[in-house]
Amino acid sequence: MADILASLRSLMASQSPPLDALLVPSEDYHQSEYVSARDKRREFVSGFTGSAGLALITKNEARLWTDGRYFLQATQQLSDQWKLMRIGEDPPVDAWMSDNLQKEAAIGIDPWCVSVDTAQRWERAFAKKNQKLVQTSTNLIDEIWKNRPPAEINPAVDHPLEFAGRSVAEKLKALREKLSSEKARGIIITTLDEVAWLYNIRGSDVSYSPVVHAFAIVTLNSAFLYLDKRKVSSKVSSSLQANGIEVRQYGAVSSDAAMLASNQLDQATGVNSGQNGVCQNDTCDNDLIWVDPASCCYALFSRLDANKLLLQQSPLALAKALKNPVELDGLKNAHIRDGAAVVQYLVWLDKQMQEIYGASGYFLEGEVTSKKIPNAPCREAMKLTEVSVSDKLEGFRASKEHFRGLSFPTISSVGPNAAIIHYSPQAKTCAELDPNSIYLFDSGAQYLDGTTDITRTVHFGKPSAHEKACYTSVLKGHIALGNARFPNGTNGYSLDILARIPLWRYGLDYRHGTGHGIGSYLNVHEGPHQISFRPQARNVPLQVSMTVTDEPGYYEDGNFGIRLENLLVIKEAETEFNFGDKGYLSFEHITWAPYQIKLIDLSILTPEEIQWLNRYHLKCREILGPYLDTNEMEWLKKATEPVSA
């Protein structure tokens, strides 16, 4: 790590002008949350593997900013050459740079890896000391990364209408109507899942996300897809051409953005006005280019005329979040198969914990009688680790119809590791399962008909009264949010408190959001809506046919972690009255897997909560039954027996 920083500082000094600091974000050219191996520049330079974070290297210091999900993980992974900056507790990076770097300091960025919003916010902060943001011509990390993973040539594939639910032609028509209504003549689409959704294509360029590294430009008359052409088969090419989409090389997006700005793109590519579009005979007076400042990279923004831009959220973000009936059916079916895999996993794990470790098991609260696992060398072959059991869970999922891989790295965590919110177990260093400790697994899969994300927390020994009280408080918040009814126009910021109140009663809380959208065989984290205490959760009201997770938790550093997560679909609510004629909304659970009864302190639950739990468990039996064998079904019946206070 010392050599990396030394090499980087030497390179910074050789720039023109010499750089006083360099910012290294987590994101790629598309502002992605999950990036390919070759784009993990911040991880390479810092050693921190979390999905969110920003590194700053100055002549004498190295600092890393990350959020509350990763405080504990970053503390463990950063070397003593780095200082952790806790978002929400320490000064934000722009304020820190403005206050601590000298006047007229030059701060370098790769403009392809920074959004318009972020770059402009930094520039405003720098103005008071005449500091300047310098766009480097190359990415300096790439220059010192000797063994950087090569670019992979993975094929793009069509996403069939039977899963997509809407044709490319329908989506383009709706997009062009939106452009026209906003007086825009074109839009640059930079986020990978928006490109994939709009053109009904999928790929495997990024682990866990079925997307292709690609940009898109859509005008009122034409449509372009920018990617490595080697990824496009003749079949996919024909499908794209049939929808009036011209395939161009990935790097051409930069020059085409400039041509779009000068209104020369359609003419230069020979597109006839009106073909596939809404303008006829060049009579449109639309003159704006639509750019989403939160996701468009600064490099493309710099190619455009700032006076003729429509800077607002991409219209595809909301369109993608509002699932059509085919997508909703697919998501529900995917979650049923996924729930069956989770139950099969719990049945297997319960048996293994009893046979290998002498645990009392999923249902009983007894002490561990005796560890049955033998001494080495047989011990290594038999022991269960966080990685070996998560591999088993993946195996159960892989046996299900339409499985295409995991939707994110499985968080399989025992005891103190479960307190690390986004813990990522590694085969060489992960913990062995312990019947005397809580085990948390947060996992999901990609199926052709939907993306899944579920978390359950279990104990195979005797949980303490404190662990039960914490688990039950998390469950109460989980139920409260899932049962909410709220008027149209309500945003996720307003609902977040429902999941926290039971924890607040004891002075407890958690440092992550409570819910995120989920894609239809796309990204596991999907906006623009969310349920969170963060201000951005105010931006978009929750609407019918959106999906959102319900995942409160509690994490006690050094001891344990608890999280419970289901996916919800927003639907219209039946209410006795309709105050203000707003219409009311509610949630439908589509995740099916039991909550562990022995971790629940039933005396803390209200009669209504117990009634909800019993109803949910009965549905688990009914819905998952056809996917389970006799032994698995008997286990599920026992796990879902009705309870009373």
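All of these numbers come straight from a predicted model, not from anything done at the bench.

## Observations regarding a nonpolar patch on the surface
Turning to step 1, where the next piece is worked out: Where nonpolar side chains cluster on the molecular surface, the patch consists of I497, I501 and W504 and spans about 270 Å² of accessible area.
Turning to step 2, where the next piece is worked out: Note that I501 resides in helix α19 (residues 492–504).

## Comments concerning the sheet that holds strand β6 (residues 132–135)
Turning to step 1, where the next piece is worked out: Spatially, the six strands line up as an open sheet ordered β4-β3-β2-β1-β5-β6, and their pairing is mixed. For this open sheet the edge positions go to β4 (83–86) and β6, each flanked by a neighbour on one side alone. Each neighbouring strand pair of the sheet contributes to a mean axis angle of 25°, computed without reference to strand direction.
Turning to step 2, where the next piece is worked out: Two elements, strand β3 (residues 62–66) and β4, share four bridges in a ladder whose sense is parallel.

## Let's talk about the UniProt feature "domain: Peptidase M24 C-terminal" (unreviewed entry) in the protein chain
Turning to step 1, where the next piece is worked out: The sites that carry the UniProt feature "domain: Peptidase M24 C-terminal" (unreviewed entry) are, in the present numbering, residues 583–643.
Turning to step 2, where the next piece is worked out: Between the C-alpha atoms that bound residues 583–643 the distance is 35 Å, and the span itself is 46% helix and 10% strand.

## Quick notes on the environment of I189
Turning to step 1, where the next piece is worked out: Summarising the element assignment, I189 is placed in strand β8 (residues 184–189).
Turning to step 2, where the next piece is worked out: Using a relative accessible area of 1% as the deciding quantity, one classes I189 as buried.
Turning to step 3, where the next piece is worked out: Separated by 54 residues in the primary sequence, I189 and Q135 place their C-alpha atoms 22 Å from one another.
Turning to step 4, where the next piece is worked out: I189 has contacts with L175, E194, V195, L198, F215, A216, V218 and L316, leaving out every residue within four places of it along the chain.

## Examining the nonpolar core
Turning to step 1, where the next piece is worked out: Core analysis: the biggest nonpolar cluster contains 80 residues, and L349 and F587 have the highest contact counts within it.
Turning to step 2, where the next piece is worked out: With twelve residues, the top contributor of residues to this core is helix α15 (residues 325–357).
Turning to step 3, where the next piece is worked out: Residues contacting L349, with those up to four places away along its chain left out, are L384, V389, L433, Y439 and F460.
Turning to step 4, where the next piece is worked out: Counting residues in hydrophobic clusters, the runner-up holds 43 residues, among them Y199, I201, L220 and W290.

## Some points on the packing of aromatic side chains
Turning to step 1, where the next piece is worked out: Taken as a whole and judged by the stated rule, the model has 21 aromatic pairs.
Turning to step 2, where the next piece is worked out: With a centroid separation of 6.1 Å and an interplanar angle of 50°, the aromatic rings of Y595 and W612 are classed as tilted. A residue pair is termed long-range when its members are at least 10 positions apart, and Y595 in the loop between β28 (584–589) and α20 (607–624) and W612 in helix α20 qualify at 17 residues. As far as burial versus exposure is concerned, Y595 and W612 are alike and both buried.
Turning to step 3, where the next piece is worked out: Seen in terms of ring centroids, W612 and Y616 are 5.2 Å apart; in terms of plane orientation they differ by 15°. Their pairing is stacked. Note that W612 and Y616 are positioned in helix α20 at a spacing of four residues, about one turn of the helix.
Turning to step 4, where the next piece is worked out: Classification of W612 by relative accessible area gives buried; the value is 7%.

Conventions and cut-offs
Residues numbered from 1 in each chain as written. Predicted model: local features only at pLDDT ≥ 70, side-chain atom pairs only at ≥ 80, totals over all residues. Heavy atoms only, no water. Patch = residues over 30% accessible without salt bridge, like charges linked within 9 Å, V, L, I, M, F, W, Y side chains within 5 Å. Areas by Shrake-Rupley, 256 points an atom, 1.4 Å probe, with all protein chains shown as cover. Salt bridge = Lys/Arg side-chain N within 4 Å of Asp/Glu carboxyl O. Helix = DSSP H or I, 4+ residues; strand = E, 2+ residues; numbered from the N terminus. Pairing = 2+ DSSP bridges. Axes fitted to C-alpha atoms, helices over the stretch in contact; angles between N-to-C directions. UniProt positions renumbered as here; feature names shortened; annotations may be inferred. Buried < 20%, exposed > 50% of the residue type's maximum accessible area, 1.4 Å probe, protein only. Contact = heavy atoms within 4.5 Å. Core = buried A, V, L, I, M, F, W, Y, C linked by side-chain atoms within 4.5 Å. Phe/Tyr/Trp six-rings, centres within 6.5 Å; stacked < 30°, edge-to-face > 60°.

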